[in-house]
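Listed below, chain by chain, are the residues.
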Amino acid sequence: MYIKEPMKIEDKSMDIIDSVMGDVNFSDEEMLVAKRMIHTTGDFEYRKIIVFKDNFLEEAKASIEKGIKIFTDTKMAYQGINKPALEKSSCELVYYIDDDDVREAAKAKGTTRSACALEKAVENGVKGFVIGNAPTALFRLIELIKEGKVDPDFVVGVPVGFVGAAESKEALREVAVASVSTVGTKGGSNVAASIINALLYMVYPR
């Protein structure tokens with residue numbers, strides 16, 4: 001016998017996650033985000049590497065409530081965000097990684113499409129940034145923040161990998177912006193999407 005109903009599976013998963021969360025000091029709402037990240041990855045270590053900074057939850061929830069444009073650095077993160085929950089908001093979800101002008105810009109500049117997609121997002125007035133894959137996108141966002149060219153409402157910065165991922169997240173934590181990030185190499189588009197889903201479920205309960 002096994003559990004077949006989706007919500008019962010999720011509820012059981014959250015009960016199991018609850019059983020290991022006694023050694024962390026998250027607020028109630030931070031705990032909801034952390035549990036969603038662990039649920040998505042199946043990795044309990046996340047509870048030790050999540051960093052919330054500069055009132056991330058308050059700023060992100062307020063931003064979602066007023067309705068903003070939210071950028072994702074990958075199609076995977078875009079697809080992973082719960083669309084019925086998103087439709088309850090006035091937010092617009094965008095990703096530009098596959099756009100022809102982004103491809104051309106990346107080739108001309110000798111950089112990644114992710115970095116150029118980020119630049120396009122800033123040009124298009126994006127206020128929420130969700131970066132789960134590309135350190136170059138996060139580094140470029142930090143540069144633009146320091147140059148005064150963008151003032152994000154919030155940043156989800158959880159790029160994954162061994163080249164620049166840990167460093168880009170450390171750089172994010174040094175900038176005065178509402179953010180959530182992970183320490184080290186772990187992260188990913190699925191993790192980034194799970195954070196936005198947790199926020200949406202808080203603002204618009206299922």
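These figures come from a predicted structure and were not determined experimentally. (Residues numbered from 1 in each chain as written. Predicted model: local features only at pLDDT ≥ 70, side-chain atom pairs only at ≥ 80, totals over all residues. Heavy atoms only, no water.)

**Examining the overall build of the chain**
Summing up its helical and strand segments, the chain has 10 helices and six strands in all. The C-alpha atoms of the chain give 17 Å as radius of gyration, which agrees with the globular expectation for 206 residues (17 Å, within 12%). C-alpha atoms of the chain, sized along the principal axes, occupy 55 × 35 × 30 Å. Within the span of the chain, comprising 206 residues, buried residues form 52% of the whole. (Helix = DSSP H or I, 4+ residues; strand = E, 2+ residues; numbered from the N terminus. Rg over C-alpha atoms; globule rule 2.2 N^0.38 Å. Buried < 20%, exposed > 50% of the residue type's maximum accessible area, 1.4 Å probe, protein only.)

**A look at the nonpolar core**
Core analysis: the biggest nonpolar cluster contains 43 residues, and Phe56, Phe154, Val156 and Ile195 have the highest contact counts within it. Broken down by secondary-structure element, the contributors of at least two residues to this core are α1 (6-18), α2 (28-41), β1 (50-53), α3 (56-66), α5 (83-87), β5 (154-157) and α10 (189-203). Of all the elements, α10 adds the most residues to this core, at 11 residues. In this structure, Ala106, Ala117, Leu118 and Leu172 belong to the second largest nonpolar core, which totals 26 residues. (Core = buried A, V, L, I, M, F, W, Y, C linked by side-chain atoms within 4.5 Å.)

**Some remarks on the packing of helix α7 (residues 113-123) against helix α8 (residues 135-146)**
Between α7 and α8, the shortest axis-to-axis distance is 7 Å and the interhelical angle comes to 40°. Classified by the angle between their axes, α7 and α8 sit oblique to one another. With respect to the hand of their crossing, α7 and α8 are arranged in right-handed fashion. Between α7 and α8, the contacting residues are Ser114, Ala115, Leu118, Glu119 and Val122 on the first element and Thr136, Ala137, Arg140, Leu141 and Leu144 on the second. Classifying every residue of the contact of α7 with α8 by side-chain character gives six nonpolar, two polar and two charged. (Axes fitted to C-alpha atoms, helices over the stretch in contact; angles between N-to-C directions. Parallel < 35°, antiparallel > 145°, perpendicular 65-115°, else oblique. Left-handed = near helix turned anticlockwise from the far one by under 90°. Contact = heavy atoms within 4.5 Å. Nonpolar A, V, L, I, M, F, W, Y, C, P; charged D, E, K, R; others polar.)

**Concerning the side chain of arginine 36**
Of note, arginine 36 is situated in helix α2. Arginine 36 sits in the buried class, given a relative accessible area of 13%. Every residue in contact with arginine 36, bar those within four places of it in the chain, is listed here: Glu10, Met14, Ser194, Ala198, Tyr201 and Arg206.

**Looking at the pairing of β5**
Regular strands place their side chains on alternate faces of the sheet. Side chains of β5 alternate between two faces, with Phe154 and Val156 and Val155 and Gly157 buried alike. In this sheet, β5 lies alongside strand β4 (residues 128-131) in parallel orientation, the contact comprising four bridges. Residue pairing across strands places glycine 128 opposite phenylalanine 154, the latter belonging to β5. Two strands pair when backbone bridges link them, and β5 and strand β6 (residues 179-182) are joined in this way by three bridges, in the parallel orientation. Counted as the bridge partner of valine 156 is valine 180 from β6. One crossover worth recording links β5 to the parallel β6 by way of helix α9 (residues 165-173), and it is right-handed. (Pairing = 2+ DSSP bridges. Right-handed = clockwise from strand over helix to strand, strands pointing away.)

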